[in-house]
Amino acid sequence: AVLHDEDSDTDKVVGFICATRCIEFEQGSMHTHDSSGSLLGIHSVVVRQEYRRQGLASAMLQNYISVIKERDDGVEKVVLIAKSHLLGFYVQSGFTVTKPSDIVLGKDLWYELEMDVRLDKTRLK
């Protein structure tokens, strides 16, 4: 997300989403992009601290998912992992919690979530 600062007449990056395509969602897919993969693994949804809790992450995620659905280029599901305190945010954004993740990042437990992006194609037209 980019916001324009009227005072300085400059644009400022305040958030971004980072993802890669993969065939299977596993530890290795966090580091490798496979353009033939049917899964799109979101690695980060980031908003600068001073812009958090203003709906930017939700808006960025909704826009990102909308673009994925419109492109219709073989992505069947969007997947991600999240810590327990963020599960509500992702569920409200349309994701389903599937299981505790086998992916290990630090000592905390992560959960896998997914969204089938093939379901709503008829609503886009």
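Residues numbered from 1 in each chain as written. Predicted model: local features only at pLDDT ≥ 70, side-chain atom pairs only at ≥ 80, totals over all residues. Heavy atoms only, no water.

*Asks:* For the layout of surface pockets, give the residues involved together with the corresponding values.
*Replies:* Volume-wise, the largest pocket comes out at about 660 Å³. For the lining of the largest pocket, the elements supplying multiple residues, two or more each, are β4 (39-47), α1 (56-71), β5 (77-83) and α2 (87-92). In terms of residue class, the lining of the largest pocket is made up of 16 nonpolar, six polar and three charged. (1 Å grid on protein atoms, 1.4 Å probe; cavity = no way out; pocket = protein on both sides within 12 Å on 5 of 7 lines; lining within 4 Å. Points joined across faces, edges and corners; volume = space filled by probe spheres on them. Helix = DSSP H or I, 4+ residues; strand = E, 2+ residues; numbered from the N terminus. Nonpolar A, V, L, I, M, F, W, Y, C, P; charged D, E, K, R; others polar.)

*Asks:* Pulling in residues and values, what's your account of the pattern of salt bridges?
*Replies:* Within this structure, the stated rule accounts for nine salt bridges. One network of salt bridges, in which partners are shared, links Lys 12, Arg 48 and Glu 50. (Salt bridge = Lys/Arg side-chain N within 4 Å of Asp/Glu carboxyl O.)

*Asks:* Pulling in residues and values, what's your account of the nonpolar core?
*Replies:* If you look at the biggest cluster of nonpolar residues, it comprises 22 residues, and the most contacted ones within it are Ile 42, Val 78, Leu 80, Tyr 90, Phe 95, Leu 113 and Val 117. Listed by contribution, the elements that provide at least two residues to this core are β4, α1, β5, α2 and β7 (110-116). Counting residues per element, this core draws most heavily on α1, at six residues. If you look at the next biggest cluster of nonpolar residues, it comprises eight residues, including Phe 25, Met 30, Ile 81 and Ile 103. (Core = buried A, V, L, I, M, F, W, Y, C linked by side-chain atoms within 4.5 Å. Buried < 20%, exposed > 50% of the residue type's maximum accessible area, 1.4 Å probe, protein only.)

*Asks:* So what's going on with the environment of Thr 10? Which residues, and what values?
*Replies:* Inspection of the secondary structure puts Thr 10 in strand β2 (residues 10-13). C-alpha of Thr 10 to C-alpha of Glu 24: the two residues are 14 residues apart in sequence and 41 Å apart in space. Setting aside residues no more than four positions away along its own chain, Thr 10 makes contact with Leu 3, His 4 and Asp 5. Among the polar contacts listed, one links the side chain of Thr 10 to the side chain of Ser 8, at a separation of 2.7 Å. (Contact = heavy atoms within 4.5 Å. Polar contact = N/O pair within 3.5 Å; in protein donor to acceptor, adjacent residues only side chain to side chain.)

*Asks:* Explain the packing of aromatic side chains to me, using residue names and the numbers behind them.
*Replies:* The tally for this structure, following the rule as stated, stands at two aromatic pairs. A centroid spacing of 4.9 Å and a plane angle of 70° characterise the contact between Phe 89 and Tyr 90, whose relative ring orientation is edge-to-face. A residue is classified by how much of its surface remains accessible, and Tyr 90, at 8% relative accessible area, is buried. A ring pair is formed by Tyr 90 and Phe 95, whose centres lie 5.9 Å apart and whose planes are at 90°; its orientation type is edge-to-face. (Phe/Tyr/Trp six-rings, centres within 6.5 Å; stacked < 30°, edge-to-face > 60°.)

*Asks:* Break down unusual backbone geometry for me, with residues and values.
*Replies:* For Asp 9, which is not glycine, the phi torsion reads 55° and is therefore positive. Examined against the element boundaries, Asp 9 turns out to sit in the loop between β1 (2-5) and β2. One non-glycine residue, Arg 53, adopts positive backbone phi at about 65°. Given the relative accessible area of 87%, Arg 53 is considered exposed.

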